[in-house]
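# Working through the structure, step by step
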Amino acid sequence: ISYGSVVKLMHERTKFRLHSHDVPYGSGSGQQSVTSFPNVDDANSYWIVRPQPDTSAKQGHAITPGTIVRLQHMRTRKWLHSHLHASPITGNLEVSCFGGEGESDTGDYWMLEIEGGGKTWRQNQRIRLRHVDTGGYLHSHDRKYTRIAGGQQEVCGVGDKRPDNVWLAAEGVYFPVSQAK
């Protein structure tokens, strides 16, 4: 996986995909909601892998463990974001979408952790994403919303490594990793 790739992140245990759409949370920050979604073919589950601003990283560059990435929701162009607001179902850290093309801050920064010691991020590899500002791991579980996002699972941040923090890059459009000249 390299910068510019468009991926669907699959929650390892439940097989739901990280998902967002232009529906705000009714509590917490009121920002655009993030859930995990059961259907594989939904267009609102695509995320563009972007580097931190003001780095030399470019499209095609490999992504190594410990690298800070941003995930931009393809349809709404907002950034996967977290902060200290409480998540709606469990009261953990809320994960939302926020900002836009020219509007991004450290609340959009996620550090890549590769399970099993891989040297670069690859498709179908077990990963964790740890939020830089809060230290929370991107997390989901089988607790589902009943009303607005009925059948979708809560996505939140939790402070410790758990089996429910593991994700895999599943479907997507992957740019080849450019070789250093």
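Above this text sits the structure in question.
Here's a quick rundown of the structure.

Rules behind the numbers
- Residues numbered from 1 in each chain as written.
- Predicted model: local features only at pLDDT ≥ 70, side-chain atom pairs only at ≥ 80, totals over all residues.
- Heavy atoms only, no water.
- Core = buried A, V, L, I, M, F, W, Y, C linked by side-chain atoms within 4.5 Å.
- Buried < 20%, exposed > 50% of the residue type's maximum accessible area, 1.4 Å probe, protein only.
- Helix = DSSP H or I, 4+ residues; strand = E, 2+ residues; numbered from the N terminus.
- Contact = heavy atoms within 4.5 Å.
- Salt bridge = Lys/Arg side-chain N within 4 Å of Asp/Glu carboxyl O.
- Phe/Tyr/Trp six-rings, centres within 6.5 Å; stacked < 30°, edge-to-face > 60°.
- Lys NZ or Arg CZ within 6 Å of the ring centre and 35° of its normal.
- Pairing = 2+ DSSP bridges.

## Here we look at the nonpolar core
What tends to happen in soluble globular proteins is that the nonpolar side chains get buried as a cluster. Grouped together as the largest cluster of nonpolar side chains are 26 residues, with contacts concentrated most on L9, L18, L80, W121, L129 and L138. Take this core: its biggest share by element is three residues, from strand β8 (residues 110-114). L18 has contacts with L9, V34, T35, S36, S45, W47, L80, L138, V155 and W167, leaving out every residue within four places of it along the chain.

## Remarks on the pattern of salt bridges
Enumeration according to the criterion identifies eight salt bridges in this entry. A salt bridge links R13 to D164, with the shortest nitrogen-to-oxygen separation between them at 2.6 Å. One end of the pair, R13, is in the loop between β1 (6-11) and β2 (17-24); the other, D164, is in the loop between β11 (153-158) and β12 (167-173), and 151 residues separate them in sequence. Since its relative accessible area comes to 44%, R13 is described here as partly exposed. For D164, a relative accessible area of 12% puts it in the buried group. Linking R17 and E171 is a salt bridge whose minimum nitrogen-to-oxygen distance equals 2.5 Å. Within this pair, whereas R17 is found in strand β2, its partner E171 is found in strand β12, the two being separated by 154 residues in sequence. For R17, a relative accessible area of 6% gives the class buried. Through salt bridges that share partners, R13, D142 and D164 make up one connected network.

## Let's talk about the side chain of S20
The residue S20 is located in strand β2 in this model. For S20, a relative accessible area of 0% gives the class buried. Residues within four places of S20 in sequence aside, it is in contact with Q32, S33, V34, N44, W47, H73 and C97.

## Thoughts on the packing of aromatic side chains
A complete count under the given rule lists zero aromatic pairs for this structure. The residue whose ring lies beneath R70 is W79, and the NZ or CZ to ring-centre distance is 4.0 Å.

## Looking at the pairing of strand β7 (residues 93-98)
Most of β7 sits inside the fold, with five of its six residues counted as buried. Where strand β3 (residues 32-37) meets β7, two bridges bridge the pair, whose relative direction is antiparallel. Considered in β7, the bridge of S33 is made with S96. Two strands pair when backbone bridges link them, and strand β6 (residues 79-86) and β7 are joined in this way by five bridges, in the antiparallel orientation. Within the sheet, the bridge partner assigned to W79 lies in β7 and is F98.

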